[in-house]
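If you want the building blocks of each chain, they are given just below.
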Amino acid sequence: MQHGKALAIKGVMSLVVLYLVLGVGFGITFGNVLLITLILGVLSYLLGDVFILPKTSNMMATMADLGMAFVIIWLLGMAFTSLSVGSMALAAVIAAIVMALGEYFFHIYILKKDIGFGNRYRTSHNY
């Protein structure tokens, strides 16, 4: 149940951010934004929030999420839209930075709720 609630929170945050940046800012359709949100959300939750965060610090997990978000948004955006490489890269940079800001605070929530498969490896909570 804890993972479901965390995924829902992350999903809503991601959809709002990506729709505002990609949809409103760069004209990407809602369907494509939703698809990017779903793929990015699942991958970043499993890799960044469940596995990296419990073993490192909030800042390390946030930086990992930033890089992962940029690559995933850029590649999926290139596959799903007709934006130029440069425009899609700019959209991905802006979206990834805003997502990373939200992820920092989401990680605090994850740590306080002690959610994650790798929590047994964590020696201290670095919020």
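Described below are features of the structure shown in this document. Every chain is numbered independently, its residues counted from 1 as its sequence is written. Restriction of local features to residues with pLDDT of at least 70 applies here, the model being predicted, together with a cutoff of 80 or more for giving and counting side-chain atom pairs; totals for whole chains, interfaces and linings are based on all residues. Side-chain descriptors were evaluated using all non-hydrogen atoms of the structure, hydrogens and water having been removed beforehand.

Thoughts on helix α1 (residues 2-26)
Per the convention used, a helix needs a DSSP run of H or I reaching at least four residues, while a strand needs a run of E reaching at least two, with both numbered from the N terminus. What a helix should span is 1.5 Å times the count of its residues minus one. Taking 1.5 Å of rise per residue, the 25 residues of α1 would be expected to cover 36 Å, and the 34 Å separating its terminal C-alpha atoms lies within 8% of that figure. The principal kink in α1, of about 35°, is found at Y19. The buried label applies to any residue whose accessible area, calculated with a 1.4 Å probe on protein chains only, is under 20% of its type's maximum; exposed applies above 50%, and partly exposed to all values in between. Residues of α1 that are buried include every one of A6, K10, S14, V17, L18, V21, L22 and G23, and no others. Pairs of residues are marked as contacts when any of their non-hydrogen atoms sit within 4.5 Å. Contacts from the buried residues of α1 go to α2 (30-55), α3 (58-80) and α4 (85-113). Directly after α1, the chain includes G27, whose backbone phi takes a positive value near 75°. The seven residues ending at a residue and the seven starting there each receive a fitted axis; the angle between those axes is the bend at that residue.

Let's talk about the packing of α3 against α4
The angle between two axes is taken between their N-to-C directions and runs from 0 to 180 degrees, where each axis is a line fitted to C-alpha atoms and a helix contributes only its stretch in contact. Where α3 meets α4, the axes come as close as 8 Å, and the angle between the chain directions of the two elements is 150°. Taken together, α3 and α4 sit at an angle that is classed as roughly antiparallel. Handedness of the α3/α4 crossing: right-handed. Tallied by class, the residues present in the contact of α3 with α4 amount to 19 nonpolar, four polar and two charged. Working definition: roughly parallel below 35 degrees, roughly antiparallel above 145 degrees, roughly perpendicular at 65 to 115 degrees, and oblique for all remaining angles. Working rule for handedness: look at the near helix, and if it is turned counterclockwise from the far one by less than a right angle, call the crossing left-handed; if clockwise, right-handed. Three categories are distinguished: nonpolar for Ala, Val, Leu, Ile, Met, Phe, Trp, Tyr, Cys and Pro, charged for Asp, Glu, Lys and Arg, and polar for the others, with Gly belonging to the last.

Some thoughts on the packing of aromatic side chains
Planes of paired rings set the category: under 30 degrees apart is stacked, over 60 is edge-to-face and the rest tilted, where pairs are Phe, Tyr or Trp rings (Trp by its six-membered ring) whose centres lie within 6.5 Å. Taken as a whole and assessed by the stated rule, the structure comprises four aromatic pairs. Ring centres 5.7 Å apart and planes at 70° place the aromatic pair Y19 and F30 in the edge-to-face group. A residue pair is termed long-range when its members are at least 10 positions apart, and Y19 in helix α1 and F30 in helix α2 qualify at eleven residues. F30 sits in the partly exposed class, given a relative accessible area of 44%. A centroid spacing of 5.4 Å and a plane angle of 90° characterise the contact between Y104 and F105, whose relative ring orientation is edge-to-face.

Some remarks on α2
Between its first and last C-alpha atoms α2 spans 35 Å; for 26 residues at 1.5 Å apiece the expected length is 38 Å, and the two agree. The sharpest bend along α2 reaches about 35° and sits at Y45.

Quick notes on the pattern of salt bridges
By salt bridge we mean one thing: a side-chain nitrogen of Lys or Arg within 4 Å of a carboxyl oxygen of Asp or Glu. A full pass over the atoms with the stated rule returns two salt bridges. Residue K10 is joined to D49 by a salt bridge in which the shortest nitrogen-to-oxygen separation is 2.8 Å. Placement of K10 in helix α1 and of D49 in helix α2 is noted, with a sequence separation of 39 residues between them. Both residues of the pair, K10 and D49, count as buried. E103 is paired through a salt bridge with K10; the nearest N and O atoms lie 2.4 Å apart. With E103 in helix α4 and K10 in helix α1, the pair connects residues that are 93 residues apart, well separated along the chain.

Thoughts on the nonpolar core
By nonpolar core we mean a set of buried residues, namely Ala, Val, Leu, Ile, Met, Phe, Trp, Tyr and Cys, connected to one another through side-chain atoms within 4.5 Å. Ranked by internal contacts, the top residues of the largest apolar core, which has 19 residues, are L18, L22, I36, L40, I73, M88 and A95. Listing elements by their share of this core, those giving two or more residues are α1, α2, α3 and α4. Top element by residues in this core is α4. It accounts for six residues. Ignoring anything within four residues of it in the chain, the contact list for L40 reads L18, Y45, M68, A69, I72, I73 and M99.

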